[in-house]
Amino acid sequence: MDVEQMKVGFMGVFCYLVACTRTKEALVVDPAGEEDRIVERVRQKDLTLKYIVNTHGHPDHTCGNEKVKALTGAKIIMHELDDQMFNSEQGKEMAREWGFTPSPPADIAVKNDDQIIVGDVCLKVIHTPGHSPGGICLLGDGNLFTGDTLFVGGIGRTDLPGASTSQFMRSIKEIVLTLPGETIVWPGHDYGARPCSTIEDEKRSNPWL
Ligand SMILES: [Zn+2]
Ligand SMILES: [Zn+2]
């Protein structure tokens, strides 16, 4: 499994190109702008992009869905709760207010424990609500894509519509932090001193935990 981290858009979102090295099938996590650059990387690496997977429905993470789907034919995958929330008129309005293109509806809505497969790569969906109702982390081959749930040295905010602080802390403490210490944490924004971390390092040094 090959992981490439790309920082895109004006909110410092980390987008990830995750590929099977054998079959060259790939998925992109949170194409949050600079769609042409993302698709160019897909072509340079000779990959077939099968899925666009969103860690959650916030428009800063989903704003590139429409264009990347149009350019590659990849299917959009999101947790069913965020698909519902952000495909409502209110959700689309929120995207426009933030200055983003709303995402089309998910082609595939997922829930906890579902698996997303590209070639030999299998990412398990872990529902981690709190930052948004349908926030997910994706776990595969010792890599954890944490979206806006866990950052390097930080955690997500819980003051936006649909958020819940108590649910959020439960997701972090009872689900994310119980994963093996050596699991690599790939965050949803470039807020930390380093681009990635591990569960063990965050437990030891993240002041919010
Ligand atoms: Zn968010
Ligand atoms: Zn975000």
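For the structure itself, look to the data block above.
Model, not experiment: these values are computed from the prediction.

Undergrad: Would you take a moment to explain the pairing of strand 5 (residues 75-79) for this structure?
TA: Remember that side chains alternate between the two faces of the sheet whenever the strand is regular. For strand 5, the tally of buried residues reaches four of five residues, placing the bulk of the element in the interior. In terms of strand pairing, strand 5 meets strand 6 (residues 108-110) through three bridges, oriented parallel. Among the inter-strand pairings, Met78 is bridged to a residue of strand 6, identified as Ala109.

Undergrad: What exactly am I supposed to notice about the packing of aromatic side chains here?
TA: Think of a pair of aromatic rings as described by two things: how far the centres are apart, and how the planes are tilted against each other in angle. Enumeration according to the criterion identifies five aromatic pairs in this entry. On the basis of an interplanar angle of 5° and a centroid distance of 5.4 Å, the ring pair of Phe10 and Phe100 is categorised as stacked. Taken together, the residues span a long stretch of sequence, with Phe10 in the loop between strand 1 (2-8) and strand 2 (13-19) and Phe100 in the loop between helix 5 (89-97) and strand 6 at a distance of 90 residues. Residue classification places Phe10 among the exposed residues on the basis of a relative accessible area of 66%. For Phe100, a relative accessible area of 11% gives the class buried.

Undergrad: Can you help me understand the environment of Lys203 in this one?
TA: Relative to the assigned elements, Lys203 resides in helix 7 (residues 199-205). The sequence separation of Lys203 and Ala74 amounts to 129 residues, and the corresponding C-alpha distance is 36 Å. Not counting residues up to four positions away in its chain, the partners in contact with Lys203 are Leu177 and Leu209.

Undergrad: Even after reading the chapter, I still don't get the coordination of the zinc ion (ligand 1), so can you show me in this structure?
TA: Around a metal, the perfect tetrahedron of four donors has angles of 109.5 degrees, and the perfect octahedron of six donors has angles of 90 or 180 degrees. Listed as protein donors to the zinc ion (ligand 1) are His56 (NE2), His58 (ND1), His131 (NE2) and Asp148 (OD); their distances from the metal cover 2.1 to 2.3 Å. Taken together, the four donor atoms coordinating the zinc ion (ligand 1) span angles of 91 to 171° at the metal, a pattern that classifies the geometry as irregular. Sequence spacing of the donors to the zinc ion (ligand 1): H-x1-H-x72-H-x16-D. Separating the zinc ion (ligand 1) from the zinc ion (ligand 2) is a distance of 3.4 Å, and Asp148 supplies a donor atom to each of them.

Undergrad: What is the right way to look at the coordination of the zinc ion (ligand 2) in this model?
TA: Coordination of the zinc ion (ligand 2) by the protein is provided by Asp60 (OD), His61 (NE2), Asp148 (OD) and His189 (NE2), with metal-donor distances spanning 2.1 to 2.5 Å. For the zinc ion (ligand 2), the four donor atoms in the first shell make angles of 91 to 149° at the metal, a pattern classed as irregular. Read from N- to C-terminus, the donor residues coordinating the zinc ion (ligand 2) fall into the pattern D-H-x86-D-x40-H.

Reading guide: rules and limits
Residues numbered from 1 in each chain as written. Chains lettered and ligands numbered in written order. Predicted model: local features only at pLDDT ≥ 70, side-chain atom pairs only at ≥ 80, totals over all residues. Heavy atoms only, no water. Buried < 20%, exposed > 50% of the residue type's maximum accessible area, 1.4 Å probe, protein only. Helix = DSSP H or I, 4+ residues; strand = E, 2+ residues; numbered from the N terminus. Pairing = 2+ DSSP bridges. Phe/Tyr/Trp six-rings, centres within 6.5 Å; stacked < 30°, edge-to-face > 60°. Contact = heavy atoms within 4.5 Å. Donors = N, O, S within 2.8 Å, 3.2 Å for Na, K, Ca; no water. Tetrahedral: all angles 85-135°; square planar, octahedral: opposite > 155°, others 65-115°.

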